[in-house]
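Notes for the structure review
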Amino acid sequence: MTDVDGGGDDLRVLVVDDDFMVASIHARFVERAPGFVVVGRAATGAEALDAVERLRPDLVLLDVHLPDLNGIEVLRRLRGRGDDVGVIVVTAAREVDTVRAAAAAGAAHYLVKPFEHEDLLARLEVFRAARAALQGVDAPDQAHIDAVFAPLGRPRTTLPKGLSPETAETVLAALRGAGELSATEAAEAVGISRVSCRRYLEHFVDHGAAAVRLRYGGTGRPERRYRAT
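Residues numbered from 1 in each chain as written. Predicted model: local features only at pLDDT ≥ 70, side-chain atom pairs only at ≥ 80, totals over all residues. Heavy atoms only, no water.

**A few points about the overall build of the protein chain**
The line we're drawing: Per the convention used, a helix needs a DSSP run of H or I reaching at least four residues, while a strand needs a run of E reaching at least two, with both numbered from the N terminus. Note on exposure labels: buried denotes an accessible area under 20% of the residue type's maximum, exposed denotes more than 50%, and partly exposed covers the range between, all computed with a 1.4 Å probe on protein chains only. Residue contacts follow a heavy-atom distance rule, with two residues in contact if any of their heavy atoms lie within 4.5 Å. In short, Shrake-Rupley with a 1.4 Å probe defines the accessible areas, and a residue's cover is counted only from the protein chains shown.
Looking only at helices and strands, one finds nine helices and nine strands in the protein chain. For the protein chain, the proportion of its 229 residues judged to be buried stands at 42%. Sequence-distant contacts in the protein chain: of pairs separated by 6 or more residues, those separated by 24 or more amount to 63%. As displayed, the protein chain has an accessible area near 12000 Å², and 52% of this comes from carbon and sulfur atoms.

**A closer look at unusual backbone geometry**
Trans is the common state for peptide bonds, and a negative phi is the common state for residues other than glycine. Residue K113 is joined to P114 through a cis peptide bond whose omega torsion reads -15°. Tracing the chain through its elements places P114 in the loop between β6 (109–112) and α5 (117–133).

**Quick look at the pairing of strand β4 (residues 59–62)**
Under the convention used in this document: Should DSSP find at least two bridges between two strands, the strands are taken to pair. The handedness rule is simple: strands pointing away from the viewer, and a clockwise path from the first strand over the helix to the second, make the crossover right-handed.
In β4, alternate side chains face the same way, and those of L59 and L61 on one face and V60 and L62 on the other are all buried. Here four bridges tie strand β2 (residues 11–16) to β4, and the two strands are oriented parallel to one another. Among the inter-strand pairings, V13 is bridged to a residue of β4, identified as L59. Between the parallel elements β4 and strand β5 (residues 86–91), the chain passes through helix α3 (residues 71–80) in a crossover that is right-handed.

Printed below as a string of structure tokens:
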């Protein structure tokens, strides 16, 4: 476990990953984000729990696959002892159940490895905006509250007729968990028809919650591949 001193008004970040090289990359990503400083690293769940209590970081980048405790269990133990430290789950785990468990345990965001610096930066900026929204406010209005709860800083949008909020959340969770999916793959993961799933995915693209790219094969139309933004 490695600790460094943080200072000023920077948000303090603890990086938790059992792979030293991966932890170093993530730490460098954080250090490149203005207003954030890495104050420690931990390689196990037990070290993470100790470091949060000792270092009092503002945010934890938490891997799921740790050698002792599952990262979701670390998050649950933090919440169980009344610690509301911000947590972004950073992991290669793409199972829908894991994504749902992270959300239920209070993770601020869920980022699938490998990712680019810009992917992490976007979530760091939203985390900072959410924290700042309530600072110095005794009775927040709806705008303050929306800044805390809106995913990646975007307001919720009205779904087209025939689409349900519950299914939309499930499709988006599957997309976040997998990193990138076609409409067919997403439909299989969620258990709905491809046509219905495509409508959800295109809705996400239209409203900035997802991006799409074309993958060209040998013949026929290119495949549309979706990823959460």
